[in-house]
Amino acid sequence: MLHALYINKLHIILTVLLIFSTAAYGVESTTKEQIHSEAIADAQRDAQLVVNKTIWQLTGCVGNIFGMGAALIYEPRLPANRLMGKSPEYVEYYANEFRRETKGLQLYHATTGCVSSSIGIFLWFILG
């Protein structure tokens, strides 16, 4: 009888541990997804604030294709104050998205400047 009682307690303890480990794993995966989406949203918002639309349009307007190349090469610094106290996963997701978003915005604005100056020069030759 004592042996059967010991086996039942062992099964109960193992079942409880299995339930807790499964619950902890589910919470961890949800947390990683939340960290990922939060880091991406923060990086996109910060990239919008860091990229100066006017400067990149002027760079594209004056530099034409070279201005667009500069937009692809230049990488603004990561805002260190936004990364202090964050987890390594957050920093990785944030840094990758920040670089991707800033380069995309810089290239977009430099391209609009390049196209507008090209249209202006073309019209000047036609009308002038």
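One structure accompanies this document, and this report is about it.

Criteria and thresholds
- Residues numbered from 1 in each chain as written.
- Predicted model: local features only at pLDDT ≥ 70, side-chain atom pairs only at ≥ 80, totals over all residues.
- Heavy atoms only, no water.
- Helix = DSSP H or I, 4+ residues; strand = E, 2+ residues; numbered from the N terminus.
- Buried < 20%, exposed > 50% of the residue type's maximum accessible area, 1.4 Å probe, protein only.
- Contact = heavy atoms within 4.5 Å.
- Areas by Shrake-Rupley, 256 points an atom, 1.4 Å probe, with all protein chains shown as cover.
- Patch = residues over 30% accessible without salt bridge, like charges linked within 9 Å, V, L, I, M, F, W, Y side chains within 5 Å.
- Salt bridge = Lys/Arg side-chain N within 4 Å of Asp/Glu carboxyl O.
- Axes fitted to C-alpha atoms, helices over the stretch in contact; angles between N-to-C directions.
- Parallel < 35°, antiparallel > 145°, perpendicular 65-115°, else oblique.
- Phe/Tyr/Trp six-rings, centres within 6.5 Å; stacked < 30°, edge-to-face > 60°.

Re the overall build of the chain
Move 1: Helix and strand content of the chain: five helices and zero strands.
Move 2: In the chain, the succession of helices and strands from N to C terminus is α-α-α-α-α.
Move 3: Within the chain, buried positions represent 22% of all 128 residues.
Move 4: Within the chain, contacts between residues at least 6 apart in sequence are counted, and of these 79% link residues at least 24 apart.
Move 5: Accessible area for the chain stands at about 9400 Å²; split by element, carbon and sulfur atoms hold 69% of it.

What about unusual backbone geometry?
Move 1: Even without being glycine, Asn 64 reaches a positive phi, approximately 50 degrees.
Move 2: Structurally, Asn 64 can be placed in the loop between α2 (53-63) and α3 (65-73).

Structural notes on a nonpolar patch on the surface
Move 1: Side chains of Val 115, Ile 119, Phe 122, Leu 123, Ile 126 and Leu 127 sit close together on the surface and give an oily, nonpolar patch of about 620 Å² of accessible area.
Move 2: Inspection of the secondary structure puts Leu 127 in helix α5 (residues 88-127).
Move 3: A relative accessible area of 73% means that Leu 127 is categorised as exposed.

Brief notes about the packing of α3 against α5
Move 1: Two elements in contact, α3 and α5, have axes whose closest approach is 8 Å; the angle formed by their N-to-C orientations is 175 degrees. Put simply, α3 runs roughly antiparallel to α5. Note on element contacts: α5 touches α3 through Lys 103, Gln 106, Leu 107, Ala 110, Thr 111 and Cys 114, opposite Ile 65, Gly 67, Met 68, Ala 71, Leu 72 and Ile 73.

As for the packing of aromatic side chains
Centre distance and the angle of the planes are the two values used to describe a pair of aromatic rings.
Move 1: What the rule picks out here adds up to four aromatic pairs.
Move 2: Arranged with centres 5.9 Å apart and planes meeting at 20 degrees, the rings of Tyr 90 and Tyr 94 form a pair that is stacked. Of this pair, Tyr 90 and Tyr 94 both sit in helix α5, four residues apart, which is roughly one turn of the helix. Tyr 94 carries the same exposure label as Tyr 90, and that label is buried.
Move 3: When the centroid spacing of 5.8 Å and the interplanar angle of 10 degrees are considered together, the rings of Tyr 94 and Phe 98 count as stacked. In this pair, Tyr 94 and Phe 98 both sit in helix α5, four residues apart, roughly one turn of the helix. As far as burial versus exposure is concerned, Tyr 94 and Phe 98 are alike and both buried.

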